[in-house]
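The residues making up each chain are set out below.
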Amino acid sequence: ARRMPVPGILGLAQHDAGTGVLLDRGSHLDLFFNPYPSLEAGQHEVQLVMGACLWLPRALWLELGGFPEWFGSIGEDLYLCSLARLLGRPVQVIGESGYRHHVGHSFGGGKAVAGRLSTTVSRRALSERNKSFVLAIVTPAPLLALLLPLHLLSLLLEGAALALLGRRLDLLRQIYLPCLSALWRRRGEIAALRARWQPRRAVSLLGWSCGFSPWPHKLRMFWRHGLPEVRPRSTKGA
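Since the structure is predicted, the reported quantities are computational estimates derived from the model, not experimental observations. (Residues numbered from 1 in each chain as written. Predicted model: local features only at pLDDT ≥ 70, side-chain atom pairs only at ≥ 80, totals over all residues. Heavy atoms only, no water.)

J.: Help me out: how do you make sense of the layout of surface pockets in this one?
T.: To locate leftover empty space, one rolls a probe as large as a water molecule over the atoms. Roughly 240 Å³ of internal volume is contained in the second largest pocket. Lining of the second largest pocket is provided by A1, R2, R3, M4, P5, L10, H44, Q92, V93, I94, G95 and E96. It is strand β6 (residues 91–101) that contributes the most residues to the lining of the second largest pocket, 5 residues altogether. Residues belonging to the lining of the second largest pocket are distributed by class as follows: 6 nonpolar, 3 polar and 3 charged. (1 Å grid on protein atoms, 1.4 Å probe; cavity = no way out; pocket = protein on both sides within 12 Å on 5 of 7 lines; lining within 4 Å. Points joined across faces, edges and corners; volume = space filled by probe spheres on them. Helix = DSSP H or I, 4+ residues; strand = E, 2+ residues; numbered from the N terminus. Nonpolar A, V, L, I, M, F, W, Y, C, P; charged D, E, K, R; others polar.)

What follows is the structure, given as structure tokens:
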């Protein structure tokens, strides 16, 4: 950290707590802020390091303002890393070490198990909502005008697909429609944070966009693992 030219966010490679298998060396994002793992040994610059092992100096924490309390849980690491990148601060993974993590233990889900995606309603609802908050806050205006409508449309299509193909109308009511209504209810807080941070953007649009995958990660996961299993609400981590 002392060798970095400007203060930034650091993390370590993440391994599965049970098997020791490498899960990621940080993550990259698609255009809708869905993370996918970086696995290249020599890749240090990433867009996200997981909050299970995220380090930043106190001065940067105070500059970023910490976590918006209305986020609740899930996505705080995505917010901090995305905001840091907007301000021109590096987000890096150190390659010489790592940590073991029980991924998704508190809320259930968070990784593929036995080739299947498995999660809970509570985790999925918080994840979709808070990713949407981050996208709406940190995306520069010229890109937001394009991406936000596409993001909202993709959420509706995903919810409709799970409701119809999986015969789970409750998922549309408990995850996707509440996400859209939360964006509307929190529009004042979102606008206030945009007004605070967007004038301080220290990277070009090209620099900001660098690293984002144009291919939606959820489509890759659906092709590889099929429809996710979404279990009833979990009370863990509440």
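J.: I tried to follow unusual backbone geometry on my own but got confused; where do I start?
T.: Both trends apply: most residues other than glycine have a negative phi, and most peptide bonds are in trans. A positive phi angle, near 65 degrees, is found at F33, a position not held by glycine. Relative to the helices and strands, F33 resides in the loop between β3 (27–29) and β4 (35–37).

J.: Quick question: what am I supposed to make of the environment of G26 here?
T.: Structurally, G26 is set in the loop between β2 (22–24) and β3. Excluding residues within four positions of it along the chain, G26 makes contact with P37, S38, V46, L48 and V93. (Contact = heavy atoms within 4.5 Å.)

J.: Would you take a moment to explain empty space enclosed by the protein for this structure?
T.: One pass over the structure, following the stated rule, counts 1 cavity of 30 Å³ or more. By volume, the largest cavity is sized at about 30 Å³. As for the largest cavity, its lining consists of L12, D24, G26, V49, M50, C53 and Y99. Per-class residue counts for the lining of the largest cavity are 5 nonpolar, 1 polar and 1 charged.

J.: Would you mind showing me how to read the pattern of salt bridges here?
T.: Side-chain pairs of opposite charge can arise where the charged atoms are in close proximity. A complete count under the given rule lists 8 salt bridges for this structure. A salt bridge links E63 to R89; the shortest N-O distance between them is 2.9 Å. Residue E63 is found in helix α1 (residues 58–64), and its partner R89 is found in the loop between α2 (76–86) and β6; the two are separated by 26 residues along the sequence. Look at E63 and you get partly exposed, because its relative accessible area is 22%. Using a relative accessible area of 18% as the deciding quantity, one classes R89 as buried. One network of salt bridges, with partners in common, ties together R124, E128, K131, E158 and K218. (Salt bridge = Lys/Arg side-chain N within 4 Å of Asp/Glu carboxyl O. Buried < 20%, exposed > 50% of the residue type's maximum accessible area, 1.4 Å probe, protein only.)

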